[in-house]
Amino acid sequence: MENGEIEAAEEGLPMPAPPVGRRYRPVGSDDSAVIQMTSMEPGPAGSTSVTGHDAVTPQPPRSMQEGSSDRATSSGSQRDSKLELFGFDSLVNILGLKSMTGEETQAPSSPREGEDVAITIGRPKETGPKFGTMMGVFVPCLQNILGIIYYIRFTWIVGMAGVWQSLVLVSFCGACTFLTGLSLSAIATNGAMKGGGPYYLIGRALGPEVGISIGLCFFLGNAVAGSMYVLGAVETFLDAVPSAGLFQESVTVVNNTLINGTATAGTATISTPSLHDLQVYGVIVTILLCFIVFGGVKIINKVAPAFLIPVLFSLLCIYLGVFIAPRHNAPKGITGLSLTSLRDNWGSEYQRTNNAGVPDPNGSIYWGFNALVGLFFPAVTGIMAGSNRSASLKDTQRSIPIGTLSATLTTTAMYLLSVLLFGALSTREELLTDRLLTATVAWPTPVVIYIGIILSTLGAALQCLTGAPRLLAAIANDDILPVLNYFKVSEGVEPHAATLFTALICIGCVIIGNLDLITPTITMFFLLCYAGVNLSCFLLDLLDAPSWRPRWKYHHWSLSLVGALLCVVIMFLISWSFTVISLALASLIYYYVSLKGKAGDWGDGFKSAYFQLALRSLRSLGANQVHPKNWYPIPLILCRPWGKLPENVPCHPKLADFANCMKKKGRGMSIFVSTIDGDYHELAEDAKTACHQLEAYIEYKQCEGVAEIIVAPSMSEGFRSIVQTMGLGNLKPNIVVVRYPEIWRRENLTEIPSTFVSIINDCIIANKAVVIVKGLDEWPNEFQRQYGTIDLYWIVRDGGLMLLLSQLLLTKATFESCKIQVFCIAEEDTDAAELKTDVKKFLYDLRMHAEVIVVTMKSWESHVENSSSSAQPDDSQEAYTSARRRISAYLSEMKETTEREGRPQMVDGKQAVVNEEKVDKFLYTMFKLNSTILRHSRMAAVVLVSLPPPPLNHPAYFYMEYMDMLVENVPRMLIVRGYRRDVVTFFT
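Residues numbered from 1 in each chain as written. Predicted model: local features only at pLDDT ≥ 70, side-chain atom pairs only at ≥ 80, totals over all residues. Heavy atoms only, no water.

Per an unreviewed UniProt entry, the chain carries the name Solute carrier family 12 member 6 and comes from Aegilops tauschii subsp. strangulata. Database annotation for the chain, UniProt heading Sequence similarities (unreviewed entry): "Belongs to the SLC12A transporter family." Listed in UniProt under the heading Subcellular location (unreviewed entry), the comment for the chain reads: "Membrane". (UniProt positions renumbered as here; feature names shortened; annotations may be inferred.)

In structure tokens:
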């Protein structure tokens, strides 16, 4: 019920039909808090005083209100004085100001255009548990970042890259994630944030197509990352307990080994877990983790500390073991913290390894700095773990920046310190061959590290299996891609379908079983998402729209740009092939969303960029006249001026085809306009509906243009408003396109002629060119190829518009086989040869190929002198005779009316005297021109002829007779009138 309907309902009056648009629930007396305002009607002074007690009146519980309906009824007069007089609901109920009364309300989200919004007032909707910065963001990010790479690959990376390149590697990757965290913080603090994490941020900044393409890639990255963590946990378990393996595999490698401190070539046999063991145990672990995820976020957050605390304890054991090394049972390669070891390990030693990562001169994999970036980068990912669960946070604008950046800085500092410690701890050979050097040096026993590794990787896998389904559900809930409808969930409901789908992807990657093959794929997906976040912040910060007011002030567009460039550089450093594949996948998703997705307007940054670019371009164009070389036709197309069309057809089907013919290679803009006769206040909603229909028609016809609907008392007044106000600066329409009213004689004898003449006169006064299309029903579409000629009857100087239109027609496939003929109309005493030479030279300078034909036509005076002679038979003679007879009858009727009423002669509501001789002269000229056209251009594909302006003091009915005489028996004609400027030029 609309606000305006409340009082009517209470007084028993009939309620009007609700208008289309947003619907808000009215403020009721049973709401928890109601702001009241005194009536504006005059009354006693005491009745207009408002105290703080009266301003906000707490209501009793609903159970108590049920018994007080009589009191509510008796207070109907008080309800008349609420904020309803403003026509909207109370801000207390709409904007969440009910916190004044101690209640919590959910922040409203912006609806899409055309959606009906129902705001529920009263007790807040039951939602899932909400978490703060520590458990909602910091812990999930820390669990995701501290994964398998640090425990079983980090010492190997230090041995391969050396200390100083490892420092560069960690700083390089850490800078990328830190700058991404800054951009994430800025966007996340720019308003209320719903579920979906980075997808929600990117989609609202760069549009639904980019958001979904990057969001789905990020979802795949999280799902695949879960499999990486599961494989790491299983591999560590099988290394710690080899007897648990169902299969056994021995890998023999050739390597330089140390015997008594001397480098000697030898053979070392190293056992590694079987691929089949990894697959079997990996699938089992994934299924067990899925059962935990199905329990919901509340159970996951209860389990998370159980995973994290042993991880932190294992890190402490590693650092204690590093400082007390070497112990009595330590391998010879562990030297303890030593400057000698640090110096020996300072440089890099890239070499080949086998598939297990063990150095082998005959190995199939060569590791360089680029490959190590791809291997290590997953160790710094995980910064989106908190934002992935944004729907479960109490305060996203506070928790996401603090929690994300704290986790990023903490882990980066730990990695940098670990590079120095591991580089000074042991020899390079020990770093490269001991897969679990962290467990070997840990104090008091390696078992602690095995437990820490397993729990850290399982915790990270748990976070991936938690965040990925929520990301997929958020994409599905936006209802852009119908194919994702299976994953839609209601608010507060766990995304079980999305969790099951994520688990299937994870199990599929677990079956692959190769950790080093999986990590580059994850890296690409994560980097693609990070680049999207940085570009989003860069675009929003650079455009600086009024809605861009982030609470996080420690950001700048230059930092976001550097972050995006770092992401791209890292992607190509790792593997250009993987980069191309990931970009191709994102592009395919983008194309699919553009093709199959539903339209959504989220106020993205691209729209803001287009707007600012358009404003800047408009200002640069200025208000001066455009040079002829830069002149583009901007047609204003009257869609339904006359002619009968079905109500659901907003425009003549061939008008868009003709509009496309006026553009070169489709470039240019058309403005489709229609008028609705009536009162604007009554027909505003009808105008919006008609505008949507017209926009759909334009899109269906694939015509670049915009739609406008004008409500006016009459079509003449509506067009007069349009021609004066439509457009901005030099982007105002310069050509008015209208269909010729061929039905005027049988449909409306008086209104159509006056409206038609009014439109032409308004165009002349507004300095707009006019193109009247006769035979629109027969106008060819893009598949109907035309042959023959395009004939121009060039009578007056029109700035070259007629010539330009003929050239534009030739650029279309429909008319490309036609040739142009230019007919110059001259009087009998004109030197035809000289005129033909001049016109040929003129067309040559304009770079136009056309045949020039000079046609002489007798003047009116010659016709009067020779009227006694017998006229030659002519196809138009009958039409000419009929027109003269009708005009004579109309004149006689005008004279009789004037004499009978005893008033001056009136023409279209104005006092005027009709010159009958000029009427005959005008009609005869049209007759002779029509005869000439039929004699030379009967088989032409289209005829273009100059439009004569309506003569002064001639009734509109007469002008229509003139025009009918001109177009008689010509199937397809464009009647063109230019305006006071050139649209073509000789010069380069």
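Draft legend 1. The arrangement of the overall build of the chain in detail. Regarding its fold elements, the chain presents 36 helices and 18 strands. Within the span of the chain, comprising 988 residues, buried residues form 51% of the whole. Taking the contacts inside the chain whose residues are at least 6 apart along the sequence as the reference set, 81% of them involve residues at least 24 apart. Carbon and sulfur atoms make up 58% of the accessible area of the chain, which amounts to about 47100 Å² in all. (Helix = DSSP H or I, 4+ residues; strand = E, 2+ residues; numbered from the N terminus. Buried < 20%, exposed > 50% of the residue type's maximum accessible area, 1.4 Å probe, protein only. Contact = heavy atoms within 4.5 Å. Areas by Shrake-Rupley, 256 points an atom, 1.4 Å probe, with all protein chains shown as cover.)

Draft legend 2. The arrangement of the pattern of salt bridges in detail. One pass over the full model with this rule turns up ten salt bridges. In this structure, arginine 428 and glutamate 349 form a salt bridge, with 3.1 Å as the shortest nitrogen-oxygen distance. Here the residue arginine 428 occupies a position in helix α18 (residues 428-433), and glutamate 349 occupies one in the loop between α14 (339-344) and β5 (352-353), the gap between them amounting to 79 residues. We classify glutamate 349 as partly exposed; its relative accessible area is 40%. Close ionic contact of lysine 688 with glutamate 685 constitutes a salt bridge, the shortest N to O distance being 3.7 Å. Taken together, the residues span about one helical turn, with lysine 688 and glutamate 685 both in helix α27 (residues 680-700) at a distance of three residues. Overall, lysine 688 belongs to the partly exposed group, its relative accessible area being 48%. On the basis of relative accessibility, which here comes to 28%, the residue glutamate 685 falls in the partly exposed class. (Salt bridge = Lys/Arg side-chain N within 4 Å of Asp/Glu carboxyl O.)

Draft legend 3. Spotlight on the sheet that holds strand β9 (residues 705-712). A sheet is described by the order of its strands in space; here ten strands give the open sequence β9-β8-β7-β10-β11-β18-β17-β12-β13-β14, paired in mixed fashion. Each edge of the open sheet is held by one strand with a lone partner, namely β9 and β14 (851-856). Sheet twist, expressed as the average angle between the axes of neighbouring strands with direction ignored, equals 20°. The sheet strands contacting α27 are β8 (670-677) and β9, and the helix crosses β9 at an angle near 160°. The strands that helix α36 (residues 956-967) touches are β11 (769-774), β17 (942-946) and β18 (973-977); relative to β18, the one it contacts most, it runs at about 130°. (Pairing = 2+ DSSP bridges. Axes fitted to C-alpha atoms, helices over the stretch in contact; angles between N-to-C directions.)

Draft legend 4. The packing of helix α12 (residues 275-294) against helix α20 (residues 446-477), seen in detail. Running from N to C, α12 and α20 point in directions that differ by 55°, and their axes come no closer than 10 Å. The orientation of α12 relative to α20 falls into the category oblique. The chirality of how α12 crosses α20 is right-handed. Here α12 contributes Val285, Leu289, Cys290, Ile292 and Val293 to the contact with α20, which in turn contributes Leu458, Ala461, Leu462, Leu465 and Thr466. A class-by-class count of the residues in the contact of α12 with α20 yields nine nonpolar, one polar and no charged. (Parallel < 35°, antiparallel > 145°, perpendicular 65-115°, else oblique. Left-handed = near helix turned anticlockwise from the far one by under 90°. Nonpolar A, V, L, I, M, F, W, Y, C, P; charged D, E, K, R; others polar.)

Draft legend 5. Local environment of the environment of alanine 766. When you line up the elements, alanine 766 lands in the loop between α30 (751-765) and β11. Given a relative accessible area of 28%, alanine 766 falls into the partly exposed group. It is 6.9 Å that separates the C-alpha atoms of alanine 766 and valine 723, two residues lying 43 residues apart in sequence.

Draft legend 6. Representation of the pairing of β9 within the structure. Examined bridge by bridge, β8 and β9 share eight bridges and lie parallel to one another. Bridging across to β9, serine 670 finds its partner in glycine 705. A crossover links β8 with its parallel partner β9, the connecting element being α27, and its sense is right-handed. (Right-handed = clockwise from strand over helix to strand, strands pointing away.)

Draft legend 7. Region of the structure containing unusual backbone geometry. Here the amide bond leading from alanine 325 into proline 326 is cis, since omega sits at 0°, within 30 degrees of zero. Mapped onto the fold, proline 326 is located in the loop between α13 (297-324) and α14. Residue proline 444 is reached from tryptophan 443 by a cis peptide bond, and omega for that bond is 5°. If you check the backbone angles, asparagine 953 has positive phi at about 65° while not being a glycine. Structurally, asparagine 953 is set in the loop between β17 and α36. Taking relative accessible area as the criterion, asparagine 953 reaches 36% and is therefore assigned partly exposed. In this structure, asparagine 969 takes a positive phi of about 65° despite not being glycine. Residue placement: asparagine 969 occurs in the loop between α36 and β18. For asparagine 969, a relative accessible area of 44% corresponds to the partly exposed category.

Draft legend 8. Structural detail: the packing of aromatic side chains. Per the stated rule, a full pass over the model turns up 31 aromatic pairs. Plain terms: the ring middles of tyrosine 740 and phenylalanine 756 are 6.0 Å apart, the flat faces sit at 85° to each other, and that makes the pair edge-to-face. You can see tyrosine 740 sitting in the loop between β10 (735-739) and α29 (744-747) and its partner phenylalanine 756 sitting in helix α30, a full 16 residues away along the chain. Overall, tyrosine 740 belongs to the buried group, its relative accessible area being 1%. (Phe/Tyr/Trp six-rings, centres within 6.5 Å; stacked < 30°, edge-to-face > 60°.)

Draft legend 9. Representation of the state of the cysteines within the structure. A full pass over the atoms with the stated rule returns zero disulfides. Between cysteine 176, a free cysteine, and cysteine 567, which holds the nearest cysteine sulfur, the sulfur-to-sulfur gap is 3.3 Å. (Disulfide = S-S within 2.5 Å.)

Draft legend 10. Inspection of the side chain of aspartate 791 at higher detail. Here aspartate 791 shows up in strand β12 (residues 789-794). The buried charged residue aspartate 791 lacks any salt bridge partner; its closest oppositely charged side chain belongs to arginine 938, at an N-O distance of 11 Å. A distance of 2.9 Å separates polar atoms of two side chains, one belonging to aspartate 791 and the other to threonine 789. Leaving out residues up to four positions away in the same chain, aspartate 791 has contacts with Gln821, Phe823, His936, Ser937, Ala940, Val942, Val943 and Leu944. (Lys, Arg positive; Asp, Glu negative; His and termini not counted. Polar contact = N/O pair within 3.5 Å; in protein donor to acceptor, adjacent residues only side chain to side chain.)

Draft legend 11. Molecular detail of the nonpolar core. Membership of the largest hydrophobic core comes to 154 residues, with the highest contact counts inside it found for Tyr150, Tyr151, Phe154, Ile212, Leu372, Phe376 and Tyr415. A per-element tally of this core places helix α9 (residues 154-188) first, with 18 residues. Beyond its immediate chain neighbours, meaning those up to four positions away, tyrosine 415 contacts Ile145, Leu146, Tyr150, Phe154, Val170, Phe376, Ala379 and Val380. (Core = buried A, V, L, I, M, F, W, Y, C linked by side-chain atoms within 4.5 Å.)

Draft legend 12. Representation of the packing of helix α7 (residues 133-145) against helix α17 (residues 396-423) within the structure. It is the contact of α7 with α17, at a shortest axis distance of 8 Å, that shows an interaxial angle of 30°. Here α7 runs over α17; the crossing is right-handed. Residues Thr133, Val137, Phe138, Cys141, Leu142 and Ile145 of α7 lie in contact with α17, whose contacting residues are Arg398, Ser399, Ile400, Ile402, Gly403, Thr404, Ser406, Ala407, Thr410, Thr411 and Tyr415. Within the contact of α7 with α17, the residues separate by chemical class into nine nonpolar, seven polar and one charged.

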